[in-house]
Amino acid sequence: MKLLQYVVDAFTSERFKGNSAAVVSLTDWLPPPLMQAIAMENNLSETAFLVQSADGRYDIRWFSPFKEIDFCGHATLASAHVLFQSGAPSPITFRAPAVGELPVVKLPDGRMEMSFPNRRPLPVDEVPKALREGLPVAPVVVLRNAQAWFAVFENEAQVRDLRPDFKRLAELGPLDVTVTAPGVSCDFVSRYFWPANGGEEDPVTGSIHAGLAPYWADRLGKNTLVAVQVSSRTGTLHCRVEGERVHVSGAAVQFLRGEIEV
């Protein structure tokens, strides 16, 4: 069987920046072990698989090289980019069991804006030992939501310079870890570590901004924010918090279009 596959760099307008995702459109779902094998072969943060339903919406599933993922923002952005480039009208609506419907609108400046459920993190009474020992610098605040632990630091330099113990952080699975701080030239910065679910560090993580944006909106007293994920590839995310929805937008650029054989 031959399948058309795209690779798109998300949350960037420059190739080789942002976060790469593979996108495969299907008429029917492949067996999950085969989708997992394709994702492992691609060895990207995520491979997204799409099936369009009769109502025009797209069911979407995301696979890291390790496992199926409940929610992935950058691969959703990549998928929207592929569909818009193919002539699909705006908005596009994706759906997935863990997060419901995910509408994506193409903005006049070319960015694509995704609508996520608000996943505001909450403070915790006790910080796990694996988190304390996995981060070489103690955060000033620790929170969590259904996806990850949030470690808040005083400044951007601490986030950029952090060298975590990934073996200790892997013990926190299935939860991942995001570290964040006020930004120097943006509202806030972050990094994302997920050794239990996809790899040591994710280049740019759209989904975690459904939690980061509400936290920083409350702290900074503003609902529109610009965020930078300061991984080695970096990516820029424009966030807007509106009640129970968090809108995250960014650019994307295609790197590859080709056939895979399975």
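Our structure's up above, just so we're on the same page.
First, a word on what this report is: a plain description of the structure on this page. Residue positions are counted from 1 within each chain, in the order its sequence is given. In view of the model being predicted, local features appear only for residues whose pLDDT reaches at least 70, and side-chain atom pairs are presented and counted only at 80 or more, with totals across whole chains, interfaces and linings using the full set of residues. The side-chain values count all of the structure's non-hydrogen atoms but skip hydrogen atoms and water molecules.

**Describing unusual backbone geometry**
- In this structure, the amide linkage connecting Ser90 to the following residue, Pro91, adopts the cis form with an omega of 0°.
- Per the convention used, a helix needs a DSSP run of H or I reaching at least four residues, while a strand needs a run of E reaching at least two, with both numbered from the N terminus. Here Pro91 lies in the loop between α2 (73–85) and β6 (92–96).
- Phi at Thr234 takes a positive value of approximately 60°, unusual for a residue other than glycine.
- For Thr234, the location among the structural elements is in the loop between β15 (224–229) and β16 (235–242).
- Each residue gets one of three labels from its accessible area relative to the maximum for its type: buried under 20%, exposed over 50%, partly exposed in between, using a 1.4 Å probe on protein chains only. You can call Thr234 partly exposed: its relative accessible area is 30%.

**Side note on helix α6 (residues 209–220)**
- Of all the twelve residues making up α6, nine are buried; the element is thus mostly covered by neighbouring parts of the structure.
- Three or more residues of α6 are buried, namely His209, Ala210, Gly211, Leu212, Ala213, Pro214, Tyr215, Trp216 and Ala217.

**Remarks on the nonpolar core**
- Membership of the largest hydrophobic core comes to 53 residues, with the highest contact counts inside it found for Phe11, Trp62, Phe94 and Val248.
- We call a set of buried residues a nonpolar core when its members are Ala, Val, Leu, Ile, Met, Phe, Trp, Tyr or Cys and they connect through side-chain atoms within 4.5 Å of each other. Grouped together as the second largest cluster of nonpolar side chains are 21 residues, Ala151, Phe153, Val159 and Val177 included.

**A short note on the pattern of salt bridges**
- A pairing counts as a salt bridge when a side-chain nitrogen of Lys or Arg comes within 4 Å of a carboxyl oxygen of Asp or Glu. Evaluated as defined, the whole model comprises 16 salt bridges.
- Residue Glu133 is joined to Arg168 by a salt bridge in which the shortest nitrogen-to-oxygen separation is 2.5 Å. Of this pair, Glu133 sits in helix α3 (residues 129–134) while Arg168 sits in helix α5 (residues 166–170), and the two are 35 residues apart along the sequence.
- The exposure class assigned to Glu133 is partly exposed, which follows from its relative accessible area of 43%.
- Connected via shared salt-bridge partners are Asp55, Arg57, Asp59, Arg95 and Glu101.

**Some thoughts on helix α1 (residues 32–42)**
- Buried within α1 we find Met35, Gln36, Ile38 and Ala39. The buried side chains of α1 occupy one side of the element, clustering within an arc of 160° when seen end-on. Among the exposed residues of α1, those oriented more than 90 degrees off its buried face are Pro33, Met40 and Glu41.
- Only heavy atoms enter the contact rule, under which two residues are in contact if any of them lie within 4.5 Å. Elements that come into contact with the buried residues of α1 comprise β1 (2–10), β2 (19–26), β3 (46–52), β4 (58–63), β5 (68–69) and β18 (252–261).
- Backbone geometry just downstream of α1 places Asn43 in the positive-phi region, at approximately 55°. As used here, the arc is the angular range of directions from the helix axis to the C-beta atoms.

**So, the pairing of strand β17 (residues 245–250)**
- For β17, the tally of buried residues reaches five of six residues, placing the bulk of the element in the interior.
- When DSSP finds two or more bridges between a pair of strands, those strands are recorded as paired. Bridging between strand β8 (residues 112–117) and β17 involves six bridges; their strand directions are antiparallel. Across the sheet, the residue bridging to Met114 is Val248, located in β17.
- Strand direction decides the pairing type here: β16 and β17, joined by five bridges, are antiparallel. Across the sheet, Cys239 pairs through a bridge with Val248, a residue of β17.
- Linkage of β16 to β17, two consecutive antiparallel strands, is achieved through a turn of two residues, within which Gly243 is found at a positive phi near 60°.

**Considerations on the packing of aromatic side chains**
- The pairing test for Phe, Tyr and Trp rings, Trp by its six-membered ring, is centres within 6.5 Å, and the orientation test on the planes gives stacked under 30 degrees, edge-to-face over 60, and tilted for anything in between. The final tally for this structure, using the stated rule, is eight aromatic pairs.
- Note on Phe166 and Phe193: the rings are 5.7 Å apart at their centroids and 75° apart in plane angle, and the pair reads as edge-to-face. Of this pair, Phe166 sits in helix α5 while Phe193 sits in strand β13 (residues 188–194), placing them 27 residues apart in sequence.
- According to the relative accessible area criterion, Phe193 is buried, its value standing at 0%.
- Taken together, the ring pairs in this structure connect Trp62, Phe71 and Phe116 into an aromatic cluster.
- Two thresholds decide whether a charge sits over a ring: the Lys NZ or Arg CZ must be within 6 Å of the ring centre and within 35 degrees of the ring normal. Note that Arg61 overlies the ring of Trp29, its terminal NZ or CZ placed 5.3 Å from the centroid.
- Lying over the aromatic face of Trp149, Arg144 brings its terminal NZ or CZ to 5.1 Å of the ring centre.

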